[in-house]
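Spelled out, the chains give:
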Amino acid sequence: MKIKLALIAIGLCLFNCKQDGSQQDKVKLDYKHASRTQVIDCDGVDNTLIQEALFAFEDDILNFYTPDKPIYSRAYSLFVSQSLTGVADYPKMVSEHSKQVFEALKQDKSLWTTNPDGSRLNFNHPLFKCIGNEIADEPLSKTYNALIDTKSMSLRMFGDQLKRKTFGMKDDKYLATYVALELFYGKLYDVDFNKQSKDDNYEENSGLKEHSSHDGHNH
């Protein structure tokens, strides 16, 4: 009897410890955009988190590309172009809030994978089917859905069309969500923010960091 009680006690302890560990591992996110109008509504998806990710992403590209006055079309155009050509400066662009959002997004393991072209998105996730159904631009929607349905979605196949449709992204929040996940959060897997922080500290301490009249301007 004592042995059985001891085993039950050990089992309860392990169960509680596991629960405590899970709660500690869960990212606590400060939702800054929770009061904004809902623009994403997909079944089987944490719409609140996805919408927070979208708005945090838009804040970052606006602050980075058009800091004096928010111009969505210009910010999207510059960001998509630079991301597709591999020159987007993520360490300087990404805010602390977006880093926290990224950590929260990573908790949904079904959202992510590693594709042959380097993309991190798992296009089997219900979010991406929903996005395809809601993209406002009909030709773009058809291409997107065809690539998803044939399991051949890649930036090599979709990037050129995407680059030509940046003007509508400020209004088409489903297309913008795909862009945010594919070209922003998905790319953060390969960004070492700790290294960037050390490099910045070195430049500041050594006096190497100089600013020119071209800083903050895009040509």
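Residues numbered from 1 in each chain as written. Predicted model: local features only at pLDDT ≥ 70, side-chain atom pairs only at ≥ 80, totals over all residues. Heavy atoms only, no water.

Some details on the packing of helix α5 (residues 96–106) against helix α9 (residues 173–185)
For any two helices packed against each other, the geometry comes down to the angle between their axes and how far apart the axes lie. Put simply, the test is: Lines are fitted to the C-alpha atoms to define the axes, a helix being fitted only along its stretch in contact, and any angle between axes, read from their N-to-C directions, falls within 0 to 180 degrees. Secondary structure elements are defined from DSSP: runs of H or I of at least 4 residues count as helices, runs of E of at least 2 residues count as strands, and each element is numbered from the N terminus. Angular relationships are summarised with four words: roughly parallel below 35 degrees, roughly antiparallel beyond 145, roughly perpendicular across 65 to 115, and oblique for the angles in between. Note on definitions: a residue-residue contact is assigned when non-hydrogen atoms from the two residues lie within 4.5 Å. Here the nonpolar group is Ala, Val, Leu, Ile, Met, Phe, Trp, Tyr, Cys and Pro; Asp, Glu, Lys and Arg are the charged ones; every other residue, Gly included, is treated as polar.
The interhelical angle for the contact between α5 and α9, taken along N-to-C directions, is 100°, at an axis separation of 12 Å. With respect to each other, α5 and α9 are oriented roughly perpendicular. Contacts between α5 and α9 involve S98, V101, F102 and L105 on the former and, on the latter, L181, F184 and Y185. In terms of residue class, the contact of α5 with α9 is built from 6 nonpolar, 1 polar and no charged.

A short note on the packing of aromatic side chains
Keep this limit in mind: Whether two aromatic rings pair depends on their centres lying within 6.5 Å, for rings of Phe, Tyr and Trp, where Trp uses its six-membered ring; planes under 30 degrees apart make the pair stacked, over 60 edge-to-face, and the rest tilted. Here the term buried applies to any residue with accessible area under 20% of the maximum for its type, exposed to any over 50%, and partly exposed to those in between, with areas from a 1.4 Å probe on protein chains only. Counting as a charge over the ring demands two things of the Lys NZ or Arg CZ atom: a distance within 6 Å of the ring centre and an angle within 35 degrees of the ring normal.
For the structure on display, the rule yields 15 aromatic pairs. Taking the centre distance of 4.9 Å and the plane angle of 90° together, the rings of F64 and Y65 count as edge-to-face. For F64, a relative accessible area of 26% puts it in the partly exposed group. Their ring planes at 65° and their centres at 6.1 Å tell us that F79 and F184 sit as a pair that is edge-to-face. Placement of F79 in helix α3 (residues 72–84) and of F184 in helix α9 is noted, with a sequence separation of 105 residues between them. Taking the relative accessible area as the measure of exposure, F79 reaches 0% and is therefore buried. The structure contains a cluster of three or more aromatic residues connected by ring pairs, namely F57, Y76, F79, Y90, F184 and Y185. A cation sits over an aromatic face here: R36 above F55, 3.6 Å from the ring centre.

With respect to the nonpolar core
Formally: For the purposes of this section, nonpolar cores are sets of buried Ala, Val, Leu, Ile, Met, Phe, Trp, Tyr and Cys residues that join through side-chain atoms within 4.5 Å.
Counting residues in each nonpolar core, the largest one holds 58 residues, and the members touching the most others are F57, F79, L105, Y144, Y178, V179 and Y185. Elements that contribute at least two residues to this core include exactly α2 (47–65), α3, α4 (90–93), α5, α6 (126–134), α7 (138–149), α8 (155–163) and α9.

Quick word on the layout of surface pockets
Our working definition: A 1.4 Å probe that fits into a set of points on a 1 Å grid over the protein atoms alone but cannot get out defines a cavity; an open set with protein on both sides within 12 Å along at least five of seven lines defines a pocket, and lining residues are those with an atom within 4 Å of a point. Grid points are joined across faces, edges and corners, and a volume is the space filled by probe spheres set on the points.
When its volume is computed, the second largest pocket comes out at roughly 240 Å³. N115, F123, K151, S152 and M153 are, among the 14 residues lining the second largest pocket, the residues nearest its centre. Grouping the constituent residues of the lining of the second largest pocket by class yields 6 nonpolar, 6 polar and 2 charged.

A word on the state of the cysteines
To be explicit about the condition: Whenever a pair of cysteine sulfur atoms sits within 2.5 Å, that pair is classed as a disulfide.
Following the criterion strictly, the structure yields 1 disulfide and no others. The disulfide that involves C42 links it to C130, with 2.0 Å between the sulfurs. Judged by the sign of its S-S torsion, about -75°, the bond between C42 and C130 is left-handed. With C42 in the loop between α1 (2–25) and α2 and C130 in helix α6, this residue pair connects regions lying 88 residues apart in the sequence. We note that C42, like C130, is buried.

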